[in-house]
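Given next are the chains, with one letter for each unit.
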Amino acid sequence: MELPDFMSYANKFSQAEFTEKIARIAKRAGAKLVYAALILYYTLQSDKVSKTDKAIIIGALGYMISPLDVIPDAIPIAGLTDDLAVLLYVLKKVWTGIDPEIMEQAKSKLSRWFDEDEIDEMGDIFTAED
């Protein structure tokens, strides 16, 4: 699958829209997508991350909350795969700038929306299985 130019979605990102979308899709999206989004969201707030990485993160989060997707979110299961692909791609690009504390902060927030079994089932963030 070819990824779109997600930097064109940077103007779609806002903290309020991100929070609203995550709350709305949390159960349907699955723990892996939400965890990846939360890691990027908290990384964006860090002063240890370069402006270039922040721009890439904003583009990816903007793509996620945008109603215009390669695969529309309304399509069950498949509709969120493009969002997950974009988030994981960006996560891999900025991985060296991610503090372990950010990962813990994201997991803590994740535990508010998912039970322990669902979190355990997500496995490694970079594996394709959900």
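Look up a bit, the structure's there.
Basis of the calculations
Residues numbered from 1 in each chain as written. Predicted model: local features only at pLDDT ≥ 70, side-chain atom pairs only at ≥ 80, totals over all residues. Heavy atoms only, no water. Helix = DSSP H or I, 4+ residues; strand = E, 2+ residues; numbered from the N terminus. Buried < 20%, exposed > 50% of the residue type's maximum accessible area, 1.4 Å probe, protein only. Contact = heavy atoms within 4.5 Å. Areas by Shrake-Rupley, 256 points an atom, 1.4 Å probe, with all protein chains shown as cover. Axes fitted to C-alpha atoms, helices over the stretch in contact; angles between N-to-C directions. Parallel < 35°, antiparallel > 145°, perpendicular 65-115°, else oblique. Left-handed = near helix turned anticlockwise from the far one by under 90°. Nonpolar A, V, L, I, M, F, W, Y, C, P; charged D, E, K, R; others polar. Patch = residues over 30% accessible without salt bridge, like charges linked within 9 Å, V, L, I, M, F, W, Y side chains within 5 Å. Salt bridge = Lys/Arg side-chain N within 4 Å of Asp/Glu carboxyl O. Lys, Arg positive; Asp, Glu negative; His and termini not counted. Charge placed at Lys NZ, Arg CZ, Asp CG, Glu CD. Expected span 1.5 Å × (residues − 1). Arc of directions from axis to C-beta. Core = buried A, V, L, I, M, F, W, Y, C linked by side-chain atoms within 4.5 Å.

**Q** How would you explain the overall build of the chain if you had to name every residue and give the values?
**A** Counting its secondary structure elements, the chain contains 6 helices and 0 strands. Element order for the chain, N to C, with α for helix and β for strand: α-α-α-α-α-α. Across the 130 residues that make up the chain, the buried fraction comes to 45%. Taking contacts inside the chain between residues at least 6 apart in sequence as the whole, the part at least 24 apart equals 73%. For the chain, the accessible surface area stands at approximately 7,100 Å², while carbon and sulfur atoms represent 53% of it.

**Q** How would you summarise the packing of helix H2 (residues 31-44) against helix H4 (residues 81-94) if you had to cite specific residues and measurements?
**A** Working note: a packed helix pair is described by the angle between its axes plus the distance between those axes. The geometry of H2 relative to H4 is characterised by a closest axis approach of 9 Å and an angle of 40° between their N-to-C directions. As summarised for this structure, H2 and H4 are arranged oblique, according to the angle between their axes. Where H2 crosses over H4, the two elements pack in a sense that is left-handed. Within the contact between the two elements, H2 uses Lys32, Leu33, Ala36, Ala37, Ile39 and Leu40 and H4 uses Asp83, Leu84, Leu87, Leu88, Val90, Leu91 and Val94. Grouping the amino acids of the contact of H2 with H4 by side-chain chemistry returns 11 nonpolar, no polar and 2 charged.

**Q** With reference to specific residues and values, describe a negative patch on the surface.
**A** A cluster of acidic side chains, namely Asp115, Glu116, Asp117, Asp120 and Glu121, defines a negative patch on the protein surface. Following the sequence through the fold, glutamate 121 ends up in helix H6 (residues 116-121).

**Q** Explain helix H5 (residues 100-113) to me, using residue names and the numbers behind them.
**A** Turn by turn, an α-helix covers 3.6 residues, leaving residues three or four places apart pointing in a common direction. In this model, H5 (14 residues) spans 21 Å end to end at C-alpha, consistent with the 20 Å of a helix rising 1.5 Å per residue. Taken as a whole, H5 has its buried residues at Ile102, Ala106 and Leu110. Looking straight down H5, one finds that the buried residues subtend no more than 75° of arc, so they occupy a single side. Across H5 from its buried face, at more than 90 degrees, point the exposed residues Pro100, Glu101, Glu104 and Arg112. Where the residues of H5 are buried, they touch H2 and H6.

**Q** Outline the pattern of salt bridges, supporting the account with residue identities and numerical values.
**A** Applying the stated rule across the entire model yields 1 salt bridge. The shortest N-O distance in the salt bridge between aspartate 99 and lysine 48 comes to 3.0 Å. Linking aspartate 99 in the loop between H4 and H5 with lysine 48 in the loop between H2 and helix H3 (51-65), this pair joins segments that are 51 residues apart in sequence.

**Q** Residue-level account of the nonpolar core, with values.
**A** Phe18, Leu40, Leu61, Met64, Leu87, Leu91 and Leu110 are the most contacted members of the largest nonpolar core, which has 39 residues in total. Those elements that place two or more of their residues in this core are helix H1 (15-29), H2, H3, H4 and H5. With 12 residues, the single largest contributor to this core is H2. Among all residues touching leucine 110, those that are not within four sequence positions of it are Ala31, Val34, Tyr35, Leu38, Ile119 and Met122.

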